[in-house]
Amino acid sequence: MANINNMTIAETLLGNNLVTTSKSFFGLISKSVYRPTGSRLTALKKEYDPLTGNKIEYALNADACKRAQSIAGLGHIADSPIGNCLLEACYSADHKFAAVRLLQFSQLKYQPVTDTCVFENDEAESVISSLLL
């Protein structure tokens, strides 16, 4: 499991009013929560091969109203043990919130390929079942 504060989507999430972060134990432990439901957030990173990465990029760059449908249309996508595409994601335990961003390895570091996409309610549930679980 990844730490939200060490991900590129952290800037967007922490600047968003939907997510709050609290620190405890002298600032060593942080807990992020989806504010409307109070559900704890889980962060993860998954790697994909270039072909699958291109499919995800196309779906994430679709129109905002069709984005969740495009991702759900991909079906369940299996990650790759070694790939040049990295998906950073964060989702709530109740599956009512998800945020994802795709990065691609280029010039010895991961470069963002898409903006951070935020999904709520039913859209979040479909994105989580297709990409994250």
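The structure under discussion appears in the preceding block.
This one's a predicted model, so the numbers in the text were calculated from it and none came from an experiment.

Draft legend 1. Main features of the overall build of the chain. Regarding its fold elements, the chain presents four helices and seven strands. For the chain, the α and β elements follow one another from N to C terminus as α-β-β-β-α-α-β-β-β-β-α. Computed over its C-alpha atoms, the radius of gyration of the chain comes to 14 Å, within 12% of the 14 Å expected for a compact globule of 133 residues. Seen through its C-alpha atoms, the chain measures out along the principal axes to roughly 45 × 35 × 25 Å. Per-residue burial for the chain yields a buried fraction of 40% across its 133 residues. Partitioning the contacts of the chain with sequence separation of at least 6, the portion at a separation of at least 24 is 60%. With the model as given, the accessible surface of the chain reaches about 7400 Å², and the carbon-plus-sulfur share is 50%. Charged side chains in the chain number 12 positive and 13 negative. The centres of these two groups are separated by 6 Å.

Draft legend 2. Representation of helix α4 (residues 121–132) within the structure. In this model α4 runs 15 Å from its N-terminal to its C-terminal C-alpha over 12 residues, within 8% of the 16 Å that 1.5 Å per residue would give. Taken together, the buried residues of α4 touch β3 (39–48), α2 (50–60), α3 (67–73), β4 (85–92), β5 (97–106) and β7 (117–120).

Draft legend 3. Examining the environment of Lys96 more closely. Mapped onto the fold, Lys96 is located in the loop between β4 and β5. Apart from the residues within four sequence positions on either side, Lys96 is in contact with Tyr34, Phe119, Glu120, Asn121, Ala124 and Glu125. A distance of 2.8 Å separates the side chain of Lys96 from the side chain of Glu125, its partner in a polar contact.

Draft legend 4. Inspection of the pairing of β7 at higher detail. Residues Cys117 and Phe119 line the buried face of β7, whereas the alternating positions Val118 and Glu120 sit on a face that is not buried. Inspection of the sheet shows β5 paired to β7 by four bridges, in the antiparallel sense. In the strand pairing of β7, Ala99 is matched with Val118.

Draft legend 5. Local environment of the nonpolar core. Core analysis: the biggest nonpolar cluster contains 22 residues, and Ile56, Leu60, Leu87, Val100, Phe119, Leu131 and Leu132 have the highest contact counts within it. Elements with a minimum of two residues in this core: β3, α2, α3, β4, β5, β7 and α4. If you tally residues by element for this core, the top one is α4, at five residues. Setting aside chain neighbours within four positions, we find Leu60 in contact with Arg67, Ile71, Leu87, Val100, Leu102, Thr114, Cys117 and Phe119. Formed by 13 residues, the second largest nonpolar core is a distinct cluster that contains Leu18, Tyr34, Phe97 and Ala99.

Draft legend 6. Inspection of the packing of aromatic side chains at higher detail. This structure, assessed with the given rule, holds two aromatic pairs. Between the aromatic rings of Tyr34 and Phe97, the centroid separation amounts to 4.9 Å while the plane-to-plane angle is 20°, which identifies the pairing as stacked. Taken together, the positions of Tyr34 in strand β2 (residues 29–34) and Phe97 in strand β5 put the pair 63 residues apart, joining distant regions of the chain. Looking at Phe97, the relative accessible area reads 0%, which means it is buried. When the centroid spacing of 5.3 Å and the interplanar angle of 70° are considered together, the rings of Phe105 and Tyr110 count as edge-to-face.

Basis of the calculations
- Residues numbered from 1 in each chain as written.
- Predicted model: local features only at pLDDT ≥ 70, side-chain atom pairs only at ≥ 80, totals over all residues.
- Heavy atoms only, no water.
- Helix = DSSP H or I, 4+ residues; strand = E, 2+ residues; numbered from the N terminus.
- Rg over C-alpha atoms; globule rule 2.2 N^0.38 Å.
- Buried < 20%, exposed > 50% of the residue type's maximum accessible area, 1.4 Å probe, protein only.
- Contact = heavy atoms within 4.5 Å.
- Areas by Shrake-Rupley, 256 points an atom, 1.4 Å probe, with all protein chains shown as cover.
- Lys, Arg positive; Asp, Glu negative; His and termini not counted.
- Charge placed at Lys NZ, Arg CZ, Asp CG, Glu CD.
- Expected span 1.5 Å × (residues − 1).
- Polar contact = N/O pair within 3.5 Å; in protein donor to acceptor, adjacent residues only side chain to side chain.
- Pairing = 2+ DSSP bridges.
- Core = buried A, V, L, I, M, F, W, Y, C linked by side-chain atoms within 4.5 Å.
- Phe/Tyr/Trp six-rings, centres within 6.5 Å; stacked < 30°, edge-to-face > 60°.

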